[in-house]
Structures are given as structure tokens and as C-alpha cells.
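Fold and contact review
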Amino acid sequence: MAAVQEWKALPMANKAQNKHRLRVSTLDTRKPTAFELTPAATARKAIAEQLGLLDLRKLRFAGDIRATGESDWTLEGLLGATVVQPCVVTLEPVITRLDVPVLREFIDGLEQPAEDEEEIEILPDDNSEPLASHIDLETVMIEALSLALPLYPRAEGAELAKSNYAPEGIQPMSDEDTKPFAGLASLRDKLEKDK
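Notes on the structure in this doc start here. (Residues numbered from 1 in each chain as written. Predicted model: local features only at pLDDT ≥ 70, side-chain atom pairs only at ≥ 80, totals over all residues. Heavy atoms only, no water.)

Let us now look at the packing of aromatic side chains. This structure, assessed with the given rule, holds 1 aromatic pair. Ring geometry for F35 versus F61: centroids 5.0 Å apart, planes at 55°, classification tilted. Note that F35 is positioned in strand 2 (residues 33–37) and F61 in strand 3 (residues 55–68), a separation of 26 residues in sequence. Each member of the pair, F35 as well as F61, is classed as buried. (Phe/Tyr/Trp six-rings, centres within 6.5 Å; stacked < 30°, edge-to-face > 60°. Helix = DSSP H or I, 4+ residues; strand = E, 2+ residues; numbered from the N terminus. Buried < 20%, exposed > 50% of the residue type's maximum accessible area, 1.4 Å probe, protein only.)

As C-alpha cells, this is what we get:
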């Protein structure tokens, strides 16, 4: 299960920030509203720092938002990115190309649980969110990117070496030793030698 992260607002110009926050009351209910976000280098750098990436070379999020039902909204889009992460074995840079579909349902009347509540309401599915006065495309983009990142990026050919450690004079345990019947098998072999 992916860890829940808190999202910080990224430093962007007010005009650009407003362009990525769509006021729901101004959206056309009869036809889809298209959008496209292609953050500049400074915004990509801030996103890379926020997500612990070495680099975020490309990032594009495009799609549309359309009315569904009486007061709900559906966002469908495609997120494309080229990310650079450290290899989990060697720490060498690993470049990954991501192209993932994004779907979000903004449901009117769905309540966001308060932070101090012990019980939380389970949302209808992972793609559902409470409908607010604005839909923040930048937040959706960063969340989708975070969820699409490889958890354990590995450079080609990088492997962990096997290591067994034990105090001096004691033979270290192997994977075979930890199997349930390994001890019985060695006892059987010892008994057969003694015959």
C-alpha cells in the first residue's frame, strides 16, 4: 500500500496557479472542458524535490473534465513524464518513462473526514474525491505522478550480493537452514552416517 503524503503548494506565479485551479461553478455542464499542463523547468524542479526525484525531465498532463449526473464531475486525462530516480542497489540514476491514464470522480456531498475523527468513511473507490469549489489540476497531476513512480527503481544489471553474517566461530545460517524441515533432514543424514 502506498504511503499517504501531504501535498505542499508549489511556487508558481499567481496567473499560472489560477489557470490550474478551475472554479467548478464556471465549468460548462453541456460539453467537456479540455486542459493541458506542461510545467516549466522551475516548477518541474520543485515537483522533483517534493517527490524525492533526482530529476523530472518532462511532465505533461492533458485531458478533460465533464459533468456527470446532476452535480458531479469526472476528470479523465493522460499523464506523461520522464523521471530520474536513484537505483535502490547502486544509487546510480535510473531513467523511467511513464505514460499513465488518470481518472478522478469529484462527488458532490461526499464528505472529507476530519483529521481528528477516529472513524473515516470509505470512499466509493480510490478515484473518488469530495467536490469542492475548485478542481486543482496541479494537485491531481502531482498525486498521479507520485502513485505512478516505480517503488524500487533498479539500474540494469544491478543485483544485491548475498551476505551471511555471524559471530566468529559460528557458521552463518543460510536460506536452506530456515526451512521447516531442514533441521530434520540434517538429523536424518547424521543418523544414517552413524549406522
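Attention now goes to the nonpolar core. By size, the foremost hydrophobic cluster in this structure holds 30 residues, and its most contacted members are L56, F61, I65, L75, I135 and L145. Every element with two or more residues in this core is listed here: strand 2, helix 2 (41–51), strand 3, strand 4 (72–86), strand 5 (93–107) and helix 3 (137–148). The biggest single contributor to this core is helix 3, with 6 residues. Setting aside anything within four residues of it in sequence, one finds I65 in contact with L22, L27, P32, T33, F35, W73, T74, L75, I135 and L137. (Core = buried A, V, L, I, M, F, W, Y, C linked by side-chain atoms within 4.5 Å. Contact = heavy atoms within 4.5 Å.)

Let us now look at the pairing of strand 4. Of all 15 residues making up strand 4, 11 are buried, and the element is well covered by its neighbours. Note that strand 3 and strand 4 share 13 bridges and pair antiparallel. Residue pairing for strand 4: A67 is matched across the bridge by W73. The antiparallel pairing of strand 3 with strand 4 creates a hairpin that spans 3 residues between the two strands, and G69 there sits at a positive phi of about 70°. Relative to strand 5, strand 4 runs antiparallel, the two sharing 14 bridges. Its bridge partner lying in strand 5, L79 is registered against V100. The antiparallel pairing of strand 4 with strand 5 creates a hairpin that spans 6 residues between the two strands, and L91 there sits at a positive phi of about 70°. (Pairing = 2+ DSSP bridges.)

Function cannot be inferred from these measures alone, as they are strictly geometric.
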